[in-house]
Amino acid sequence: MENFDVCVLGGGPAGYVSALKSAINGLSVAIIEKDRFGGTCLNRGCIPTKILYSKAKYLSRLKAPEHGFIVDEFSFNYGEIIDYKDEVVLTLTGGVEKLLKARKVKIFYGFGRVAGSDDNGFRLGIALNEYSADKNIEEAQISAKNLIIATGSSPLMISSFNIDHKSIITSDEALSLREIPKSLIIIGGGVIGCEFANIFSEFGSNVKIIELLPSILSTEDAEISKFTRKAFKSRNIDITNGAEVDSIAPAAANGKAAVTLKSGEIFEADKVIVSIGRRLNIAGLGLEDTGIKMTERGRIKVDSRNETSIKGAYACGDIIDGPMLAHKASFDGIIAADNIAGINREKNYDVLPWSIYTNPPIGTVGLKEGDDGLPLNYNTGRFSYAANGMALAMEEKEGFLKVLVEEKSKKIIGATGVGADIPELIAEIASHMHYGGTIFDIESTIHSHPTLSEIVPESALDSIGEAIHKFNSRAAKKHR
Ligand code: NAI
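Residues numbered from 1 in each chain as written. Predicted model: local features only at pLDDT ≥ 70, side-chain atom pairs only at ≥ 80, totals over all residues. Heavy atoms only, no water.

Caption draft 1: Up close: the site of the ligand. Of all residues adjacent to the ligand, which total 21 residues, the nearest are Ile192, Glu195, Glu211, Gly277 and Ser355. In the environment of the ligand, a nitrogen atom lies 3.2 Å from a nitrogen or oxygen atom belonging to the backbone of leucine 212. In this structure, glycine 277 approaches the ligand through a main-chain N or O atom, which is 3.0 Å from an oxygen atom. Within the complex, 77% of the 850 Å² of free accessible area of the ligand lies under protein. No other element matches the four residues that helix H6 (residues 191–202) contributes to the shell around the ligand. (Near = heavy atom within 4 Å. Polar contact = N/O pair within 3.5 Å; in protein donor to acceptor, adjacent residues only side chain to side chain. Areas by Shrake-Rupley, 256 points an atom, 1.4 Å probe, with all protein chains shown as cover. Helix = DSSP H or I, 4+ residues; strand = E, 2+ residues; numbered from the N terminus.)

Quick look at the structure:
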């Protein structure tokens with residue numbers, strides 16, 4: 001039986017990054033993946049949605065051209081856009097495979113499970129599949145001193161929602177539709193629901209969001225959620241909040257699926273996307289027999305080094321606690337790989353940025369107003385895109401950036417905003433936060449002119465009433 005220092009189960013952003021990092025650390029590595037590399041992010045998430053997002057944005061420009069342009073006529077072929085998306089996904093997933101091979105990581109294509117463990121490590125059984133290079137072998141057995149579990153998550157299914165993958169679909173199928181549905185109901189106004197509402201409404205679908213809670217994007221800052229709601233409404237996206245879905249019936253003779261709410265109301269549409277959260281890919285992994293402990297939220301329990309309750313077994317990504325984000329998963333993978341290699345590292349998610357690609361996009365890092373962890377006294381600073389020269393040049397005047405500053409130390413404790421390229425502005429703030437930066441560190445950082453990045457120092461200085469290009473810059477002190 002072939003033996004490795006490390007075996008990684010799952011080839012998404014957590015798994016493949018931990019495999020590469022382990023190889024970089026000089027260890028012998030095997031990785032088991034049942035699909036193409038890249039996981040949800042590359043195949044069915046971040047990247048394909050961003051391709052459609054980018055095309056939808058282009059379309060919005062054609063519909064409302066910039067000053068001085070007249071677009072008499074235009075059309076699009078959505079099938080060709082999907083072909084392009086598939087091409088990019090193949091390039092990127094193939095790129096990951098090439099990177100793994102270049103680092104001499106041994107690849108097993110198939111479904112892997114933990115077949116046993118003892119003081120020397122772990123035994124893994126792999127049911128090889130059609131992607132496997134060796135077509136003559138159906139099963140492989142390997143052993144490894146260390147195990148990294150990174151099997152990720154899939155869309156949550158509820159039996160009464162009757163997901164038939166035809167008229168009632170998840171985000172997975174929504175990315176491969178070759179035609180735009182005339183009418184579309186999205187169940188769940190969270191991150192996935194809102195990103196799809198943005199894309200399909202731009203391409204001409206009549207979109208309705210049904211959300212259980214009183215607001216869409218309820219985990220975001222209340223102002224951001226309100227801003228997005230208003231932007232959606234102006235594009236005729238219908239939003240029903242505080243509505244609990246009772247059941248969904250697949251397309252009947254009239255070709256429409258029907259959503260019945262607990263209130264008795266019924267809504268019909270050509271397609272229904274169910275995006276109400278995700279479940280863990282844990283079934284069949286053989287973890288029950290290993291004694292690995294789980295958290296209260298039902299995810300694999302790990303310590304700050306990402307080691308599970310079993311010595312030598314690590315877990316990363318969606319399968320452990322924390323937000324289900326690709327970059328958090330990759331970060332987890334690096335922490336696990338380094339600890340296996342004896343480089344002692346502890347994780348800290350205090351400075352974890354994230355982005356939501358509605359139009360305009362949303363970006364956040366650190367604490368938000370309303371969060372439990374806020375200090376007793378803090379100030380907020382705010383700056384609008386409408387007062388930034390580059391934003392006006394780009395005809396992107398919608399949006400703002402809000403920065404939260406600890407009152408005494410003047411350290412940045414969080415930031416959130418909505419507007420063109422805001423995720424890039426948030427990246428700069430994340431760097432300052434990582435080094436414990438204050439608003440004066442941001443002020444001392446020279447920002448190129450003209451750029452959207454000038455919004456960052458202006459927002460930071462507005463927290464003490466000293467924004468240069470703001471008429472009413474006043475310190476706004478807040479108490480938690
Ligand atoms: P989510 O948890 O963000 O949103 C689900 C929404 O569905 C919630 O607002 C919830 O109240 C609502 N809901 C739940 N049950 C419902 C019901 N029966 N009827 C109506 N509404 C109901 O989950 P989502 O959007 O599926 O995303 C899953 C994960 O993927 C998230 O953790 C997110 O962080 C991650 N993700 C991140 C992206 C990014 O960073 N840009 C993009 C897409 C996903």
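Caption draft 2: Highlighting empty space enclosed by the protein. Evaluated as defined, the whole model comprises one cavity of 30 Å³ or more. Tallying contributions element by element places helix H7 (residues 222–234) first for the lining of the largest cavity, with four residues. Tallied by class, residues from the lining of the largest cavity come to five nonpolar, three polar and no charged. (1 Å grid on protein atoms, 1.4 Å probe; cavity = no way out; pocket = protein on both sides within 12 Å on 5 of 7 lines; lining within 4 Å. Points joined across faces, edges and corners; volume = space filled by probe spheres on them. Nonpolar A, V, L, I, M, F, W, Y, C, P; charged D, E, K, R; others polar.)

Caption draft 3: Quick look at the packing of helix H3 (residues 46–63) against helix H4 (residues 78–102). Remark: H3 packs on H4, axes separated minimally by 10 Å, with the N-to-C direction vectors making an angle of 140°. Considered as vectors, H3 and H4 are oriented oblique to each other. Between H3 and H4 the crossing geometry is right-handed. For the pair formed by H3 and H4, the contact residues are Ile47, Pro48, Ile51, Leu52 and Lys55 on the first element and Tyr78, Ile81, Ile82, Tyr84, Lys85, Val88, Val89 and Leu92 on the second. Counted by class, the contact of H3 with H4 contains eleven nonpolar, no polar and two charged residues. (Axes fitted to C-alpha atoms, helices over the stretch in contact; angles between N-to-C directions. Parallel < 35°, antiparallel > 145°, perpendicular 65-115°, else oblique. Left-handed = near helix turned anticlockwise from the far one by under 90°. Contact = heavy atoms within 4.5 Å.)

Caption draft 4: A look at unusual backbone geometry. Looking along the chain, the bond that leaves asparagine 359 and enters proline 360 is cis, with omega of 0°. Residue position: proline 360 is located in the loop between strand E17 (354–356) and strand E18 (362–366). Positive phi values are uncommon outside glycine, yet lysine 104 reaches one of about 65°. When you line up the elements, lysine 104 lands in the loop between H4 and strand E3 (106–118). The exposure class assigned to lysine 104 is exposed, which follows from its relative accessible area of 72%. (Buried < 20%, exposed > 50% of the residue type's maximum accessible area, 1.4 Å probe, protein only.)

Caption draft 5: Seen up close, the layout of surface pockets. As a volume, the second largest pocket reaches approximately 770 Å³. Looking at the second largest pocket, it is lined by 23 residues, and the ones nearest its centre are Asn359, Pro360, Glu395, Glu396 and Glu398. Residue assignment for the lining of the second largest pocket shows that the elements contributing at least two residues are H3, H6, H7 and helix H9 (389–393). Within the lining of the second largest pocket, the residues separate by chemical class into seven nonpolar, five polar and eleven charged.

Caption draft 6: Just the domain arrangement of the protein chain, in detail. Domain annotation of the protein chain identifies domain 1 (2–154 + 280–340), domain 2 (159–276) and domain 3 (360–476). Of note, the centres of domain 1 and domain 3, computed from C-alpha atoms alone, are 33 Å apart. Residue-level contacts link five residues of domain 1 with four residues of domain 3. Where domain 1 abuts domain 3, roughly 390 Å² becomes buried across the two surfaces, and 23% of that area is made up of carbon and sulfur atoms. Considering only the side of domain 1, the residues that lose the most area to domain 3 are Tyr53, Arg61 and Glu66, jointly responsible for 66% of the buried surface there. Our count for the contact surface shared by domain 1 and domain 3 stands at two salt bridges. In this structure, the connection of domain 1 to domain 3 is made through four residue pairs in polar contact (both at pLDDT 80 or more). When its residues are assigned to classes, the side of domain 1 that touches domain 3 shows one nonpolar, one polar and three charged. (Domains from an automatic or database assignment. Buried area = accessible area lost by both parts, 1.4 Å probe. Salt bridge = Lys/Arg side-chain N within 4 Å of Asp/Glu carboxyl O.)

Caption draft 7: Up close: the side chain of histidine 447. Looking at the element boundaries, histidine 447 is found in the loop between helix H11 (439–444) and helix H12 (455–462). At 2.8 Å, the side chain of histidine 447 and the side chain of glutamate 428 are in polar contact. Among the polar contacts listed, one links the side chain of histidine 447 to the backbone oxygen of threonine 445, at a separation of 2.8 Å. With residues up to four places along the chain from it excluded, the contact list for histidine 447 reads Glu428, Ile442, Ser453, Glu454, Val456 and Pro457.

Caption draft 8: How the structure looks around H6. Between its first and last C-alpha, H6 extends 17 Å over twelve residues, near the 16 Å set by a 1.5 Å rise per residue. Most of H6 sits out of view: ten of its twelve residues are buried. Turning to H6, its buried residues number three or more, namely Gly193, Cys194, Glu195, Phe196, Ala197, Asn198, Ile199, Phe200, Ser201 and Glu202. Positive phi shows up at glycine 204, right after H6, with a value of about 110°. (Expected span 1.5 Å × (residues − 1).)

Caption draft 9: Structural context of the pattern of salt bridges. If you walk through the whole model with that rule in mind, you get 27 salt bridges. The shortest N-O distance in the salt bridge between lysine 21 and aspartate 338 comes to 4.0 Å. With lysine 21 in helix H1 (residues 13–24) and aspartate 338 in helix H8 (residues 326–340), the pair connects residues that are 317 residues apart, well separated along the chain. Overall, the relative accessible area of 3% leaves aspartate 338 in the buried class. Residues arginine 235 and glutamate 202 are paired through a salt bridge, measuring 3.5 Å at the closest nitrogen-oxygen approach. One end of the pair, arginine 235, is in the loop between H7 and strand E10 (238–240); the other, glutamate 202, is in helix H6, and 33 residues separate them in sequence.

Caption draft 10: The arrangement of the sheet that holds strand E13 (residues 266–269) in detail. What the three strands build is an open sheet, ordered E11-E12-E13; its pairing is antiparallel. The open sheet has two free edges, formed respectively by strand E11 (245–249) and E13, since each of these has just one partner strand. The mean inter-strand angle of the sheet, taken between neighbouring strand axes irrespective of direction, is 20°. Note that strand E12 (residues 257–261) and E13 share four bridges and pair antiparallel. Bridge assignment links alanine 257 to a residue of E13, and that residue is alanine 269. (Pairing = 2+ DSSP bridges.)

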